[in-house]
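Geometric and topological summary
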Number of protein chains: 2
Amino acid sequence: MSRVHNFSAGPAALPESVLRQAQEEMLDWHGVGASIVELSHRGPEFIQVASEAEADLRKLMSIPDDYAVLFLGGGATTVQALLPLNFAAPGQVADYVVTGHWGKTALKQVKPYVAANVAATSEADGFRSIPARESWQLSKDAAYVHVTANETIHGVEFRDEHYPRSGDVGDVPLFADFSSSIASEPLDVSKFGVIYAGAQKNLGPVGITVVIIRRDLLERAGQPRADILDYRSHVKGESMLNTPPSWNWYLLGLTVKWMLAEGGVEEFARRSARKSALLYDVIDGSGGFYRNEVDKAVRSRMNVPFFLHDEALDKPFLKEAEGAGLISLKGHRALGGMRASIYNAMPEAGVQALADFMRDFRQRHG
Amino acid sequence: MSRVHNFSAGPAALPESVLRQAQEEMLDWHGVGASIVELSHRGPEFIQVASEAEADLRKLMSIPDDYAVLFLGGGATTVQALLPLNFAAPGQVADYVVTGHWGKTALKQVKPYVAANVAATSEADGFRSIPARESWQLSKDAAYVHVTANETIHGVEFRDEHYPRSGDVGDVPLFADFSSSIASEPLDVSKFGVIYAGAQKNLGPVGITVVIIRRDLLERAGQPRADILDYRSHVKGESMLNTPPSWNWYLLGLTVKWMLAEGGVEEFARRSARKSALLYDVIDGSGGFYRNEVDKAVRSRMNVPFFLHDEALDKPFLKEAEGAGLISLKGHRALGGMRASIYNAMPEAGVQALADFMRDFRQRHG
């Protein structure tokens, strides 16, 4: 067996040591005589796993105590629908800043529940930039302002200076989809009202979603909704209002432990800067053979989309890459081209191998 | 390492051969060089896994073509909230037959959306029976009639004769929570409008829910709802409207293949009859040392709750059982006492070991 370098946008590569531990423990977790996937979520074994995962994630991301942390099924898209149900009055305005495909998806989910206002969008330039903060048309009494911290498809990522500062928008809280960049760099959580992320990119396995909620927001009445769609109930039930995706939670916990052991978010920020620079340098230095047109100031350090100058080279590129042990480089169908997703679990050696391959491919086909 | 017999109500025991295969494939699925948990849900590898799981489940349960089959995150409780949103007009009547804890939970979820009518309940007798079909107070224009096929906590299970016959309730479709008894015996799916089940009891791993919907019901307008809460969208998106819990889907697929190889639902029905009889015989023959007061005609073949005649014996019973390699026998906190969950993956040898232990414990403590 030989492991390849997997550039999938999510579900994505996991640390090999995490997979090995899960493999070793698959039939017998810590001598219990059963797999963790077979044990009750209310038993002492899983309660330990769940508590450690939360404590470790709080440590990794420096999450303050006045924030609740939920581990739920349903994915980030379900969160997008539940945000207005939980935090907006029926028909209240909610502001959306749209900087790519996933911002549009977030907007789509809330249409039945709020008067969504597109405060800013970069759609006119093909989602290659982030509109300047001064241009945002924010509403005075919005329930919240929603942004997508990193656009997985378009490869556009907010930097710290793009977020509204405290006082900028009165008491309106900032909600952010961090699905593809959570725990990739130090973040001041206290700037946000809600942070959410599907885990399958930067935090571990598919099938579990993290929702981080400033506790005072839970006092909002929201809209009529079933108990299972109510974040107050989930917080009260400690993410076990119903049976949680326990195996996924366990694997997330192993991944977070690995991130702490590797040096935490500061270290991953350094690695991401180096890894993404390797690829952007090859692209920008290719004399137009490879192309990424995203504003350099907001290029994503997690997802590097690029196009070959001639579409006819797409198939040979993918085929030869696969032959070189570099898989899942095909771009999202919404955009075409190529995409290299290089989350925390992608080693620098993998990115170096891709950069080398790209240079070599250009020489042979340029 | 030695594997124990695990009587957990869910997450529950999985077939050892399934766990071994998942273990072997954990770092490299079929020579791809990556784990299935790391691969895109839209890539050819996972599409194959997903399609096979659906085809195999359709074969196992003889699901007709005019039913859609969904594989989603969020658990059965989420389904309970989505049933009225998708299949009832705002404020329309929906009939609920409540035969235990989970029927009450189902009812709780729908309160914001429909006028729920408790058509029948066995709460007065402590949920030890199923009200006779003739006593059900069904509404004429109900959106649906909802039943809980097997009550996991109270150990009460519908038999075929308890379901409304075609024509009994006009065109009102029957919706059923089969979380703890799906694929445990032959079932005429065409009697039902919707069948749903969290997989973590009889179908495989935690973290994935199966929803089987008669396609004509998808034409109902339902109520205003986000796209991600809309079953029409999930059917159109083939359960990939957003990233599905792919690892859980994969493990479900392996479990369904195992069930087919073992002889299918007819074989599991025979095994369940023998396994449950082993335990009920010990209980009924114990001269009151063990007690199960459920109406014998509707005793569950999946979950066998029982009480010791003296509560002071509960702790020694659990401790000695664990010493004998029999774990997770503590009853649900809502009911107390003991509970042995003996789903498809529980071998007859495990149930025999428990029956032997129970007889021995009685001799020593009786």
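These numbers come from a predicted model, not from an experiment.

Structural notes on unusual backbone geometry
All names here are of chain A.
- The omega angle of the peptide bond from Gly10 to Pro11 is -5°, so this bond is cis rather than trans.
- For Pro11, the position within the fold is in the loop between strand E1 (5–6) and helix H1 (16–24).
- Backbone geometry places Glu238, a non-glycine residue, at a positive phi of 50°.
- Considering the arrangement of structural elements, one finds Glu238 in the loop between helix H5 (231–236) and helix H6 (246–262).
- A positive phi is found at Ser239, a non-glycine position, where the angle reads about 65°.
- Within the fold, Ser239 resides in the loop between H5 and H6.

Concerning the relation of the copies chain A and chain B
- Overlay of chain A on chain B (RMSD 0.0 Å): rotation 180°, translation along the axis 0.0 Å. On this basis, the relationship between the two copies can be described by a two-fold rotation axis.
- Comparing contact sets, 100% of the residues at the interface of chain A also lie at the interface in chain B, consistent with an isologous, same-surface contact.

Section: the UniProt feature "binding site: pyridoxal 5'-phosphate" (unreviewed entry) in chain A
- Taken from the UniProt record, the annotation "binding site: pyridoxal 5'-phosphate" (unreviewed entry) applies to Ala76(A), Thr77(A), Trp102(A), Thr152(A), Asp177(A), Gln200(A), Asn242(A) and Thr243(A). Their sequence span is 168 residues, while the largest C-alpha to C-alpha distance among them is 30.2 Å; these annotated residues do not converge on one region.
- With respect to the helices, strands and loops of the structure, Thr152(A) is situated in the loop between strand E6 (150–151) and strand E7 (156–157).
- Once you skip the residues sitting within four places of it in the chain, Thr152(A) turns out to touch Ala9(A), Trp102(A), Ser180(A), Lys201(A), Asn303(A), Arg339(A) and Tyr343(A).
- Among the secondary structure elements, Thr243(A) is positioned in the loop between H5 and H6.
- Engagement of the side chain of Thr243(A) in a polar contact is seen with the side chain of Gln200(B), the distance being 3.4 Å.

Observations concerning the packing of aromatic side chains
- Throughout the structure, instances matching the rule amount to 41 aromatic pairs over all chains.
- Here the aromatic rings of Phe317(B) and Phe357(B) are separated by 5.3 Å at their centres, their planes lie at 65°, and the arrangement is edge-to-face. Taken together, the positions of Phe317(B) in helix H8 (residues 314–323) and Phe357(B) in helix H9 (residues 348–365) put the pair 40 residues apart, joining distant regions of the chain. Per residue, the accessibility class of Phe317(B) equals that of Phe357(B), and both read buried.
- Site record: aromatic cluster; members linked through ring pairs are Phe289(A), Tyr290(A), Phe306(A), Phe317(A), Phe357(A) and Phe361(A).

Describing the environment of Ala142(A)
- Residue placement: Ala142(A) occurs in the loop between strand E4 (115–121) and strand E5 (145–148).
- Considered as a pair, Ala142(A) and Pro173(A) are 31 residues apart in the sequence and their alpha carbons are 8.9 Å apart.

Regarding the pairing of strand E12 (residues 303–308) of chain A
All names here are of chain A.
- Counting buried residues along E12, 5 of its 6 residues qualify, which places the element largely inside the surrounding structure.
- Bridge count for strand E11 (residues 290–291) against E12 is 2 bridges, and the pairing is antiparallel. Each residue of the ladder has a partner; that of Arg291, found in E12, is Phe307.
- When E12 meets strand E14 (residues 338–341), the two strands line up antiparallel, connected through 4 bridges.

Considering helix H8 (residues 314–323) of chain A
Residue and element names in this part refer to chain A.
- By the burial criterion, the buried members of H8 are Asp314, Phe317 and Ala321. Axial view of H8: buried residues confined to an arc of 65°, hence all on one face. Seen from the buried face of H8, the exposed residues on the opposite side, beyond 90 degrees, are Lys315, Lys319, Glu322 and Gly323.
- The elements touched by buried residues of H8 are E11, E12, strand E13 (326–327), E14 and helix H9 (348–365).
- Just downstream of H8, Gly325 is the residue with a positive phi angle, here 80°.

What counts and how
Residues numbered from 1 in each chain as written. Chains lettered and ligands numbered in written order. Predicted model: local features only at pLDDT ≥ 70, side-chain atom pairs only at ≥ 80, totals over all residues. Heavy atoms only, no water. Helix = DSSP H or I, 4+ residues; strand = E, 2+ residues; numbered from the N terminus. Least-squares fit on C-alpha atoms with pLDDT ≥ 70 in both. Contact = heavy atoms within 4.5 Å. UniProt positions renumbered as here; feature names shortened; annotations may be inferred. Polar contact = N/O pair within 3.5 Å; in protein donor to acceptor, adjacent residues only side chain to side chain. Phe/Tyr/Trp six-rings, centres within 6.5 Å; stacked < 30°, edge-to-face > 60°. Buried < 20%, exposed > 50% of the residue type's maximum accessible area, 1.4 Å probe, protein only. Pairing = 2+ DSSP bridges. Arc of directions from axis to C-beta.

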